[in-house]
Amino acid sequence: MPRTERKARPNKKRGKKGGKKEEEVQAMEDVQQLEQQQPQETRDQHFQAAHFGELDEEMLGYFKNVEQTLDDPQFETAEDLRLFVDNVYSEVDGNEFRLATNYSCSLILEKLLKVSDAFQLCVFMNKIRGNTVELFAHRFASHVCQTLLTLTADVIENEIEGRFEVKEGMGSMEELVLGICEDIKPHVGGLISQQFASHDIRILLFLLAGKRIDESGDTKGKLRSKKSIQYKKENNDTFTKSTHRTSSTRKVPDSFKEMFRTLTRELAINMSETEVRTLSVHKVANPVLQLLLEMQEDDKEGQKAKNVLIDRILWGIVTDIDSKEESKDRDAWFETLIRDPVGSHLLEVIYASNC
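The rules we used
Residues numbered from 1 in each chain as written. Predicted model: local features only at pLDDT ≥ 70, side-chain atom pairs only at ≥ 80, totals over all residues. Heavy atoms only, no water. Salt bridge = Lys/Arg side-chain N within 4 Å of Asp/Glu carboxyl O. Helix = DSSP H or I, 4+ residues; strand = E, 2+ residues; numbered from the N terminus. Buried < 20%, exposed > 50% of the residue type's maximum accessible area, 1.4 Å probe, protein only. Axes fitted to C-alpha atoms, helices over the stretch in contact; angles between N-to-C directions. Parallel < 35°, antiparallel > 145°, perpendicular 65-115°, else oblique. Contact = heavy atoms within 4.5 Å. Nonpolar A, V, L, I, M, F, W, Y, C, P; charged D, E, K, R; others polar. Expected span 1.5 Å × (residues − 1). Polar contact = N/O pair within 3.5 Å; in protein donor to acceptor, adjacent residues only side chain to side chain.

As recorded by an unreviewed UniProt entry, the chain carries the name Nucleolar protein 9 and is attributed to Rhizopus oryzae.

Right under this line is the structure:
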């Protein structure tokens, strides 16, 4: 694949005064130049906001009553709660997408998911198949998907340990999650830089890699956006029960680990080097690349997937060690990454993951 030519930087004398500011300006110019070099179809890539129609007043009123019941539950037994949740899902059948894309109803839907049992979660997961990309990229539905994926981790572990049996006619949660991954796979390069979908992709990567999803300890905002975290704090929203456990890892099937590597390769191989480097200095996509590098397994396949991605990010550093031309371009790109406030964090992760 031909390399993108870089324009030579003008020779500038830098004094002590204002030196740091000049470096920041130069870094910004380098990033802008890189974005201009990106193919037009990639720069224009966007995801149309999902619209599944409006909810009628009767449904809105019903769902508000559901929220009141969830906020002040009077159930005497767990079975009573299960029956109530079953009835709610029956009442809203066919309106799930309208609820997920409505601001107030999406919040209630998250509360409903948190009291749903494994089978109810499987049914809901099955419903979003085929519309995953649109829901991930939606301002409100993306939060519903985050909550669903977070809760899914418990179901997966129970499936592996034999504590949850799949009902006839319904796919296992493992199969449903892999189906979601197949939905997003052709679009993953664009989704990781989309402001709402990016956080869903991060949760999905945690799930696939068998890492515990601890939203309560998300101090760096890698899982939820700062606004989302603040909202949940202000509204006294409890995080999932799975966060109370101490282990940082979870049991996942081998198919999840393979899918994790597949998504890594999808980014590294099926995108141009210019596209990958652009993502590495993109404030929304950059944290996803960090996770892909940090969570690879230490086995041969994991190292291979990591090397392919690093090779793309760092201008062929793995495969073109002896090329003088590549070395010159790589040195200039290193300088840009070091100075860039976003790219420098990725460079730290690359260094740490290879020490």
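A. Representation of the pattern of salt bridges. The final tally for this structure, using the stated rule, is 19 salt bridges. When the shortest N-O distance is used, the salt bridge between Arg250 and Glu157 registers 2.9 Å. Within this pair, whereas Arg250 is found in the loop between helix H13 (226-234) and helix H14 (254-269), its partner Glu157 is found in helix H9 (residues 141-160), the two being separated by 93 residues in sequence. For the pair shown, Arg250 and Glu157 are each scored as buried. For Lys257, the salt bridge goes to Glu297, with nearest N and O atoms at 3.3 Å. Of this pair, Lys257 sits in helix H14 while Glu297 is found in the loop between helix H16 (286-294) and helix H17 (300-313), placing the two residues 40 residues apart along the sequence. Given the relative accessible area of 31%, Glu297 is considered partly exposed.

B. Main features of the packing of H16 against helix H19 (residues 343-353). The N-to-C vectors of H16 and H19 enclose an angle of 0°; their axes lie 10 Å apart at closest approach. As the angle between them shows, H16 and H19 are arranged roughly parallel. Where H16 approaches H19, its residues Asn286, Leu289, Gln290, Leu293 and Glu294 are matched on the opposing element by Gly343, His345, Leu346, Val349 and Ile350. Considering only residue class, the contact of H16 with H19 consists of five nonpolar, four polar and one charged.

C. Focus on helix H3 (residues 57-71). Taking 1.5 Å of rise per residue, 15 residues should cover 21 Å, and H3 covers 21 Å from first to last C-alpha, within 8% of that figure. Check the buried side of H3 and you find it contacts helix H4 (78-91), helix H5 (96-100) and helix H6 (103-114). Measuring from the backbone nitrogen of Glu58 back to the side-chain oxygen at the start of H3 gives 3.2 Å, which picks out Asp56 as the cap.

D. Local environment of the environment of Met271. Here Met271 shows up in the loop between H14 and helix H15 (273-280). For Met271, a relative accessible area of 12% corresponds to the buried category. Remark: the alpha-carbon pair of Met271 and Gly189, spanning 82 residues in sequence, is separated by 7.5 Å. If sequence neighbours within four positions are ignored, Met271 has contacts with Gly189, Glu266, Val276, Leu279 and Arg312.

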